[in-house]
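Now for the letters of each chain:
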Protein chains: 4
Amino acid sequence: MNILLSNDDGVFAKGLSALYYQLSQQHQVTVIAPDRNCSASSNALSIQTPLRVQQMDNGFYAVNGTPSDCVHLGINQLLTRPPELVVSGINHGANLGDDVIYSGTVAAATEGRHMGLPAIAVSLAGRNPTHFCSAAKCVTDIINLLVEHPLPADQILNVNVPDLAHDQIQGIQATRQGKRHQAENMTKAQDPTGKDIYWYGGVGPELDAGKGTDFHAIAHGYCSVTPLSIDMTAYDSLKALSQWIKNI
Amino acid sequence: MNILLSNDDGVFAKGLSALYYQLSQQHQVTVIAPDRNCSASSNALSIQTPLRVQQMDNGFYAVNGTPSDCVHLGINQLLTRPPELVVSGINHGANLGDDVIYSGTVAAATEGRHMGLPAIAVSLAGRNPTHFCSAAKCVTDIINLLVEHPLPADQILNVNVPDLAHDQIQGIQATRQGKRHQAENMTKAQDPTGKDIYWYGGVGPELDAGKGTDFHAIAHGYCSVTPLSIDMTAYDSLKALSQWIKNI
Amino acid sequence: MNILLSNDDGVFAKGLSALYYQLSQQHQVTVIAPDRNCSASSNALSIQTPLRVQQMDNGFYAVNGTPSDCVHLGINQLLTRPPELVVSGINHGANLGDDVIYSGTVAAATEGRHMGLPAIAVSLAGRNPTHFCSAAKCVTDIINLLVEHPLPADQILNVNVPDLAHDQIQGIQATRQGKRHQAENMTKAQDPTGKDIYWYGGVGPELDAGKGTDFHAIAHGYCSVTPLSIDMTAYDSLKALSQWIKNI
Amino acid sequence: MNILLSNDDGVFAKGLSALYYQLSQQHQVTVIAPDRNCSASSNALSIQTPLRVQQMDNGFYAVNGTPSDCVHLGINQLLTRPPELVVSGINHGANLGDDVIYSGTVAAATEGRHMGLPAIAVSLAGRNPTHFCSAAKCVTDIINLLVEHPLPADQILNVNVPDLAHDQIQGIQATRQGKRHQAENMTKAQDPTGKDIYWYGGVGPELDAGKGTDFHAIAHGYCSVTPLSIDMTAYDSLKALSQWIKNI
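No experiment lies behind these values; they were computed from the predicted model shown.

A. Just the UniProt feature "binding site: a divalent metal cation" (unreviewed entry) in chain A, in detail. Residue and element names in this part refer to chain A. UniProt marks D8, D9, S39 and N91 with the feature "binding site: a divalent metal cation" (unreviewed entry), using the numbering shown here. Across 84 residues in sequence, these annotated residues keep their C-alpha atoms within 9.0 Å of one another, forming a single compact spot. Along the chain, D9 falls in the loop between β1 (2-6) and α1 (14-23). We classify D9 as buried; its relative accessible area is 16%. Among all residues touching D9, those that are not within four sequence positions of it are R36, N37, S39, I90, N91 and H92. Within polar-contact distance, the side chain of D9 engages the side chain of S39 at 3.3 Å.

Okay, here's the thing in structure tokens:
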């Protein structure tokens, strides 16, 4: 299969290399990734500045933009024929619950979907995770099955893998997004010239991490696979909303 | 009501001023907005560089970050008491269908929701829209009703207003997101030193713009109000997915 | 006189406004300044990304670039006829000794000189200086005399004013650049995710601040005026160098 | 000798690798360079955002900053003992005449000098130059002699090499900076959304390229070595200036 591989940790990230080497055993893989760490870049597009591409010695393409830029530019301009699948990752750290909306890893997959392609985002849970090979194997297995079970045209898969040796992973679970409490407070500090600066706090602890959620799967040693919709309409609210806005 | 107002076109945008002046007739409004145009910044968070704030002569706060940064920083650090509502806009141009996932305007509202607050994103349709006062009035009406009809805790409202005088707007419709065709091809060009650069093409034309969509409402002169869910789980795919991943 | 006024603290800086109001009593002044604080940007040019201009409500032009970009763009594109003088400042803080080479304030003046125009950089000494009106008056006086005593074509004036009321300034001195000790050590810190980051330390204390230097003038309450050459050739070393490189 | 090697074209540039491989035959070389192309960054310092360092697979350090940042950070923080020499290059393209003041390559050397070390900037002339090995050999020869003929404490060497095979280079000349005409006009264009953007034009043609200048040496196939002073005081104007400012 022709695969376009990207990530949000940047073209030098270990998780990207690990996934590349695993996928390229079986597939034709082109890597197009940001030239800098783009964690938390969400679906941002660089529409105000032009994009530039540089090919590294190892053949990977580095782009001065976001994960979404990499996928869009790759499919629209760099690849001579469209890939059959977009894979994003392996992210260094989980993308669970509310993380999803901020994640550049998930965004790269979403962009693939907007360009008409099946797409998978992959993250390895843990603060400084190490078992990238485990995650790479899990993804390979999922890809092989996905061919026979295609997703609906407006959905992607968000895969999170626990940071365990492959034979210690308990299995795979289809999950829904859990929810986090609000992030920890920002840190107010002073730069060396005495001016106020603000840093983000850590992500919040789990608020909804019950059975069936992505949090729950990871906490119990399972690989979590969440189908995500790129249509955000809250259909269950449409009727009530239609009623009360009549009064305007 | 205490309102936190932000946008993605930046602290100098006309749409922001117009909404500020309308809302401040009735409400206590604090403006915290990006110091530069952040269109298409999606839910990006500046987690790698510290944020800085500067208060302008007109009392607005300018932040060296994204719309999501502005709302997060405002609620977590700048405001002495939490606002009761987050409003984002008025965006210069529509945010319809697939635009939603890229929009910094929508993202500011989403961030408000993640911080536990009701939130509305407002956009004025058209390439160089002018009827900001119309849009500001529509929003005011919606806010007044929203108090009595609170949204579920994981939803926001995405409001698009046609670029018409207020008395020419046909009414308000509750809508679902339509869909666009893929964006137009990127433009490959050379910078003045002869190096290749790539610019994004225009947004794609409507693919699903039938009755009930946001596109349809705007095209027929209606104000469009779409409830958006911040939970992206594709619940309708969970069962099928659970089945086939068992084979791994 | 037609004057192009820029700075490096950005288009909202108090020092810029103060100088604008003083100069515009007598002259036709156009302000073109960076949209963000560009302290320590030196002579950097934004050659890789295109520049954009936005006119503020007060008529000032804001550019998404460096001080040098502002002056170059102003003279080459924005102004319908070339200015007769480029003025840069009033910088918030001194530009003395080795500061000169890093200063965006001085760089804006240098760029004016490269574009063929007489140019003056102005800084107000002190950590949080307040006497901008004093500095503005000093500059006005210098400008009025400069007309009769034009500088050589490859030189600019670097003016530093002590942070004193105008009647407490002891006079004006022509000075040479002093020298600083090395900057204080950088600060190694961790960002909130535990990754190493490094901040610059403060500027070093004076090493050569004897009579005749810019440091000495400011320390004794005088306005310091240093002529700077944009030709950096070390002519006094040319002969010796010619000798020993013959051996290669 | 312990050498700190940097550049402004970024850590992946061919000119950097070529010089590294040549210098490391004889010397202990540490490479600390910008993670992105920083051409025309002059002596800019990243004082508003913290610096970060990443070590590449080949042992080179990549910094999210300017050439000056790389040298300052390297000497102040990264190197366990101070280097004996700072070398910057090989720049892809010449740094002649007025280019010097904008060059990040020259700035890296200047920063070394400010940190108390001898320093050399090296550039290979030509639009897409190829003879990096020639230039690397020239630099090696100069370094070997420089040990016996140290420069004054406020000077650096700016070396430009013609793009020729080593045995076709005519010799070495000690030169002064020539001068260019003003840069070509900026290019006004529209981005794909129709908004005005401006690109820099090419560098201007030679204005002063007579015998003795760096331009002249390169044009005649010689390696050009210009001693540059980091003291910019225009001593020859001090007396006249002292006279007329008395009248204020």
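After presenting the structure, the write-up continues.
B. Spatial organisation of the relation of the copies chain D and chain B. For the pair chain D and chain B, the relating rotation is 180 degrees, the translation along its axis is 0.0 Å, and the fit reaches an RMSD of 0.0 Å. The superposition of one copy onto the other is thereby described by a two-fold rotation axis. It is T49 of chain D whose C-alpha, among those of chain D, lies nearest the rotation axis, at 3.2 Å. By residue overlap, the copies meet face to face through one surface: 92% of the interface positions of chain D are interface positions in chain B.

C. Spatial organisation of the pairing of strand β10 (residues 187-190) of chain C. Residue and element names in this part refer to chain C. Strand direction decides the pairing type here: β10 and strand β11 (residues 196-199), joined by four bridges, are antiparallel. Within β11, the position partnered with A189 by the bridge is I197. The loop that links β10 with its antiparallel partner β11 comprises five residues; one of these, G194, has a positive phi angle of about 90 degrees.

D. Broad picture of the sheet that holds strand β13 (residues 222-229) of chain C. All names here are of chain C. The sheet built from nine strands is open, its strands ordered β3-β4-β2-β1-β5-β6-β7-β13-β8 with mixed pairing. Of all the strands in the sheet, just β3 (53-55) and β8 (171-174) have a single pairing partner and so form its edges. Neighbour-to-neighbour, the strand axes of this sheet turn through a mean angle of 25 degrees, independent of strand direction. Bridge count between strand β5 (residues 85-92) and strand β6 (residues 119-124): five bridges; the pairing is parallel. Residue V86 lies in a different strand from β6, and its bridge partner there is A119. Running over the sheet, helix α1 (residues 14-23) touches β1 (2-6), β2 (28-34) and β5 and is turned about 135 degrees from β5. Here helix α4 (residues 132-146) sits on the sheet in contact with β1, β5, β6, β7 (155-161), β8 and β13, set at roughly 160 degrees to β5.

E. Structural detail: the side chain of T110 of chain D. Mapping T110 of chain D onto the fold places it in helix α3 (residues 104-114). The contact partners of T110 of chain D, leaving out residues within four places of it in the chain, are I101 of chain C together with N43, I156 and I230 of chain D.

F. Local environment of helix α2 (residues 67-78) of chain D. Of all 12 residues in α2 of chain D, 10 are buried; the element is thus mostly enclosed. By the burial criterion, the buried members of α2 of chain D are P67, S68, D69, C70, V71, H72, L73, G74, I75 and N76 of chain D.

G. Molecular detail of the relation of the copies chain B and chain A. The two copies are related by a screw operation: chain B maps onto chain A through 180 degrees of rotation and 0.0 Å of translation along the axis, at an RMSD of 0.0 Å. When you check the interface residues of chain B against chain A, 100% turn up at the interface there too, and the contact is symmetric in its surfaces.

Thresholds, definitions, all that
- Residues numbered from 1 in each chain as written.
- Chains lettered and ligands numbered in written order.
- Predicted model: local features only at pLDDT ≥ 70, side-chain atom pairs only at ≥ 80, totals over all residues.
- Heavy atoms only, no water.
- UniProt positions renumbered as here; feature names shortened; annotations may be inferred.
- Helix = DSSP H or I, 4+ residues; strand = E, 2+ residues; numbered from the N terminus.
- Buried < 20%, exposed > 50% of the residue type's maximum accessible area, 1.4 Å probe, protein only.
- Contact = heavy atoms within 4.5 Å.
- Polar contact = N/O pair within 3.5 Å; in protein donor to acceptor, adjacent residues only side chain to side chain.
- Least-squares fit on C-alpha atoms with pLDDT ≥ 70 in both.
- Pairing = 2+ DSSP bridges.
- Axes fitted to C-alpha atoms, helices over the stretch in contact; angles between N-to-C directions.

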